[in-house]
Amino acid sequence: MDRRIDRETTTIHKMVEIYCRDHHRENNLCTDCRQLLDYAEKRTKSCPFGKDKPVCADCPVHCYKPEMRERIRKVMRYAGPRMIYRHPFLAIRHLLDKRLKAAPLKFRS
Ligand code: SF4
Ligand SMILES: [Zn+2]
């Protein structure tokens, strides 16, 4: 798997963990959060942009179902600012990835 996609998958995982721990008091993910994470990982791995994938928040296509999009947004809004304290390396890399959004988007062939 592409390293950036791999890193993004890890970042989503950490964010859902932070959200679930603080809202649902689960050490491991609750069923709803596990379902959301599985969905997000599937979308990320089959992203039509391939290695040129932008961060999902800046995506012009947004392939998530509306309900899942709203759920992941909630998680990101909450966990995003907390990532810098809990997983600083991933948080910084995510900010750098966001800066790459201006690159031309190409669908993989
Ligand atoms: S939302 Fe956009 S960037 Fe994210 S996986 Fe779907 S198509 Fe790819
Ligand atoms: Zn949960």
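Residues numbered from 1 in each chain as written. Chains lettered and ligands numbered in written order. Predicted model: local features only at pLDDT ≥ 70, side-chain atom pairs only at ≥ 80, totals over all residues. Heavy atoms only, no water.

Visitor: How should I be thinking about the overall build of the protein chain in this particular structure?
Guide: Helices and strands together make up the secondary structure of the protein chain, namely four helices and zero strands. Written out in order from the N terminus, the α and β elements of the protein chain read α-α-α-α. Here the protein chain, with 109 residues, has 35% of them falling under the buried criterion. Taking as baseline every contact in the protein chain between residues at least 6 positions apart, the subset at least 24 positions apart corresponds to 74%. Carbon together with sulfur atoms contributes 53% to the accessible area of the protein chain, which is approximately 7100 Å² in total. (Helix = DSSP H or I, 4+ residues; strand = E, 2+ residues; numbered from the N terminus. Buried < 20%, exposed > 50% of the residue type's maximum accessible area, 1.4 Å probe, protein only. Contact = heavy atoms within 4.5 Å. Areas by Shrake-Rupley, 256 points an atom, 1.4 Å probe, with all protein chains shown as cover.)

Visitor: Is there a simple way to explain the coordination of the zinc ion (ligand 2) in this structure?
Guide: The coordination sphere of the zinc ion (ligand 2), as far as protein atoms go, consists of C20 (SG), H24 (ND1), C30 (SG) and C33 (SG), spread over 2.0 to 2.3 Å. Taken together, the four donor atoms coordinating the zinc ion (ligand 2) span angles of 102 to 120 degrees at the metal, a pattern that classifies the geometry as tetrahedral. For the zinc ion (ligand 2), the donor residues sit on a single chain with the sequence spacing C-x3-H-x5-C-x2-C. Judged by its relative accessible area of 33%, H24 is partly exposed. (Donors = N, O, S within 2.8 Å, 3.2 Å for Na, K, Ca; no water. Tetrahedral: all angles 85-135°; square planar, octahedral: opposite > 155°, others 65-115°.)

Visitor: Looking at this structure, I do not really get the site of ligand 1. What am I missing?
Guide: Near ligand 1, the surroundings consist of R43, C47, P48, K53, P54, C56, C59, H62 and C63. Here the shell around ligand 1 is composed, by residue class, of six nonpolar, one polar and two charged. (Near = heavy atom within 4 Å. Nonpolar A, V, L, I, M, F, W, Y, C, P; charged D, E, K, R; others polar.)

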